[in-house]
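Here are the chains, one letter per residue:
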Amino acid sequence: MADTDTILQVEHLNKSFGSKKVLQDVSFTVQRGHIVGLVGPNGAGKSTIMKAILGLFNYSSGHISIDGEAVSPTSHKAMDKVGALIEYPGIYPFLTGYQHLKLFSKDGTPKAQIMDIVDKMKMGGYINRKAKTYSLGMKQKLGIALALVNRPDLVILDEPMNGLDPQANKDLRTIILDLAKQGTTFLISSHILSELEKLVDDLVVIDKGQIVYQESMAALENGSAKLLILKTSNDSKAKDILTQNGYELSQSDQVAVVEKADTKMPDIIKLLSASDIDIDDVQHVHSDLETSLLKLLQNDKVKES
Amino acid sequence: MITLIKEESFKLLHKRSTPAITIILLVLMTAFGVLAKSYPKFYSPRTLFVQSFTGDSWVVLFMIAACSSIIAMEFQYGTIKEVLYRKYYRGQILVSKWLTMLIYSIYLFALVFVYSLILKFVLFNNTFDLGRKYGAEHSVFTSFSYTLIGDFVGLWLILSLVLLLANIFKSSAAAISVGIIGYFALGVIAGLMTLAIQKWNWLKWNPLNMMNLSGQMNTPSMSKVTMLSTPELAWGSLAYTAIFLAISYVVFKRRSV
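Residues numbered from 1 in each chain as written. Chains lettered and ligands numbered in written order. Predicted model: local features only at pLDDT ≥ 70, side-chain atom pairs only at ≥ 80, totals over all residues. Heavy atoms only, no water.

The name given to chain B in an unreviewed UniProt entry is ABC superfamily ATP binding cassette transporter, membrane protein, with the source organism recorded as Lentilactobacillus diolivorans DSM 14421.

Going by what an unreviewed UniProt entry lists, chain A is known as ABC transporter-like protein and is assigned to Lentilactobacillus diolivorans DSM 14421.

Enquirer: Lay out the overall build of chain A in plain terms, naming residues and giving numbers.
Expert: A tally of regular secondary structure across chain A gives 10 helices and 13 strands. Seen through its C-alpha atoms, chain A measures out along the principal axes to roughly 75 × 45 × 35 Å. For chain A, buried positions account for 50% of its 305 residues. As displayed, chain A offers around 14,400 Å² of accessible surface, 48% of which is attributable to carbon and sulfur atoms. If you average the places of the 34 positive and of the 39 negative side-chain charges in chain A, the two averages end up 8 Å apart. (Helix = DSSP H or I, 4+ residues; strand = E, 2+ residues; numbered from the N terminus. Buried < 20%, exposed > 50% of the residue type's maximum accessible area, 1.4 Å probe, protein only. Areas by Shrake-Rupley, 256 points an atom, 1.4 Å probe, with all protein chains shown as cover. Lys, Arg positive; Asp, Glu negative; His and termini not counted. Charge placed at Lys NZ, Arg CZ, Asp CG, Glu CD.)

Enquirer: Quick rundown of a negative patch on the surface? Include the residues and the values.
Expert: Residues and elements named next belong to chain A. A cluster of acidic side chains, namely Asp-276, Asp-278, Asp-280 and Asp-281, defines a negative patch on the protein surface. Take Asp-281: it is sitting in strand 13 (residues 279–286). Of the residues examined, Asp-281 reaches a relative accessible area of 33% and is grouped as partly exposed. (Patch = residues over 30% accessible without salt bridge, like charges linked within 9 Å, V, L, I, M, F, W, Y side chains within 5 Å. Salt bridge = Lys/Arg side-chain N within 4 Å of Asp/Glu carboxyl O.)

Enquirer: Describe the interface of chain B and chain A, and please don't skip the residues or the numbers.
Expert: Quite often, the size of an interface is put as the accessible area lost when its parts meet. The interface of chain B with chain A comprises 27 residues on the first partner and 33 residues on the second. Counting each side, the surface lost to burial between chain B and chain A is near 2,600 Å², with a carbon and sulfur contribution of 56%. On the chain B side of the interface with chain A, the three residues burying the most area are Lys-81, Glu-82 and Tyr-85 of chain B, jointly 26% of the side's total. Along the contact surface separating chain B from chain A lie one salt bridge. The closest approach of N and O atoms between Glu-87 of chain A and Lys-81 of chain B, which form a salt bridge, is 3.9 Å. With five residues, the top contributor of residues to the side of chain B that touches chain A is helix 1 (residues 2–14) of chain B. Class assignment for the residues of the side of chain B that touches chain A results in nine nonpolar, five polar and 13 charged. (Contact = heavy atoms within 4.5 Å. Buried area = accessible area lost by both parts, 1.4 Å probe. Nonpolar A, V, L, I, M, F, W, Y, C, P; charged D, E, K, R; others polar.)

Enquirer: Kindly report on the sheet that holds strand 1 (residues 6–17) of chain A, identifying the contributing residues and their values.
Expert: Residue and element names in this part refer to chain A. The strand order across the open sheet formed by four strands is 2-1-4-5, and the pairing between neighbours is antiparallel. At either margin of the open sheet sits one strand with a lone partner, and together these are strand 2 (20–31) and strand 5 (69–70). Where strand 1 meets strand 2, eight bridges bridge the pair, whose relative direction is antiparallel. Opposite Leu-13, over in strand 2, you have Val-26 as the bridge partner. (Pairing = 2+ DSSP bridges.)

Enquirer: Talk me through the environment of Pro-220 of chain B; I want residue IDs and the actual numbers.
Expert: All names here are of chain B. Tracing the backbone shows Pro-220 in the loop between helix 10 (213–218) and helix 11 (223–226). Since its relative accessible area comes to 33%, Pro-220 is described here as partly exposed. Placed 185 residues apart in sequence, Pro-220 and Leu-35 show a C-alpha to C-alpha distance of 30 Å.

Enquirer: Which residues make up the side chain of Lys-15 of chain B, and what values do they have?
Expert: Here Lys-15 of chain B is to be found in the loop between helix 1 and helix 2 (17–38). In this structure Lys-15 of chain B is buried but unpaired, with Glu-8 of chain B as the nearest side chain of opposite charge at 8.4 Å. If we skip the residues at most four places from it in the chain, Lys-15 of chain B touches Phe-94 of chain A together with Ser-69 and Met-73 of chain B.

Enquirer: Please give an account of unusual backbone geometry that cites residues and values.
Expert: Of note, Glu-87 of chain A is a non-glycine position whose phi angle comes to about 60°, a positive value. As for its position among the elements, Glu-87 of chain A is in the loop between strand 6 (82–85) and helix 2 (97–104). Phi is positive for Lys-170 of chain B, which is not a glycine, with a value near 55°. Along the polypeptide, Lys-170 of chain B turns up in the loop between helix 7 (140–169) and helix 8 (172–199).

Enquirer: Can you explain the sheet that holds strand 12 (residues 255–258) of chain A? Please cite residues and give values.
Expert: All names here are of chain A. Pairing within the open sheet is antiparallel, and its three strands lie in the order 12-11-13. This sheet does not close on itself; its edge strands, each paired only once, are strand 12 and strand 13. Pairs of neighbouring strands in the sheet enclose a mean axial angle of 25°, with direction left out of account. Strands strand 11 (226–232) and strand 12 of the sheet are contacted by helix 8 (residues 235–244), whose axis makes an angle of about 135° with strand 11. Set on the sheet, helix 9 (residues 265–274) makes contact with strand 11, strand 12 and strand 13; between it and strand 11 the angle comes to about 30°. (Axes fitted to C-alpha atoms, helices over the stretch in contact; angles between N-to-C directions.)

Laid out in structure tokens, this is it:
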């Protein structure tokens, strides 16, 4: 039994399509109220994991539990607490957006609760139109609204930003952050890492069906170096002087000083000015999620099976 | 389960084709009624009434389309994920679809039954008497009722196969084609089948032979052709329906979506 702060627990999940192993010993946990990003290259197994969590997929071995209740294609009780959008939104062309929300909301859901999510997603203008007239972005919004309409404890979103315009993107971010503050847990996969970066507390990185990294965002940021990149009148001389004075330089063509707690910009300027080196430009470079992730995936030791 | 049947009915009722089918059915039956009224030599009013003014044949076609789409549309629209990832068991979801179709088919047959009687009294009130003997054994009304009952059992034999194929192929086109071809194939290969049954007795248990149920209910001497008694045909039909539905159930439960 998991501790009460864990809402989702995936243990030793294995899945093969024929001889191809798509998931290998996948284990991770998701803490209640956290926003967790599930990232990895195309075909890494993100959707497969999400489908397995939703009881849509048979798996060869392993255990999944939501709030302590086991989930499998034949055991769906815990699904009452889950909302999801997987791959692309499933939409009946002959129903209106409102009818979709009514159809998939629990019995006795008040109209106000349905309209609440409609307003938040700014879908009021077309919610009573038949879905066959919807654009890609409108369908995507409806798919997200369907995942949220029952106010679930755990929300699983697969590429939720697909097809959304910048405003809708920002709205979605606000909704997710608000709900998370109120205790809703999110598991989100996305290729748009710059968007994901603004949202997630924790990160699960998967490559070739295996978990290669599971940490909080804060840990990932701390683990990556911050650099001071200088453009000078004489780069090679500047590099020598900085090294002699105990600064650590990153392996680079540029003058890239690794920032530490005691690294002070005025000291560096004084030091270089004293040697008659002009500083033309200074840049703080903080490695973003994309850089960290690409590095992680490059270094990972997962072998193709 | 009632919630799920309500959901399926909600979807069914909001399809534009659903109300259209009721109207088309009534229009077609009226058209045949009027034809029989105008050309009683070519279209015997009594025979057409027993055949419910062609109503039950149309219901077969409409139900084949409805059954294939109630399964296949979920895969086609991608809504199968939303339908399945909820607290309900998969079996419940599939059975709710079957029950919705059962209710729909009962509605259509009831409509055909009532509307045939209305047409009879409006157009042919004095033409023939419901109590008169029709064919070898029964009255006009009994023959009419037996035809509907027999066709209903036969219909579900076809529908169980259509539901299974829609489930396997995830495509309504394949299921509809096989359903309709199967339905018409009976007429085409009936003669051939009779010969085959005479030669290999065990072939009498093949599902196509079961489709003769309604015919044999009205003409008991057909048992010389089908080589089975009427109850045997009825039980056989129900058994095949149950087998096809059971295979569907297993396929649906094991499917990864």
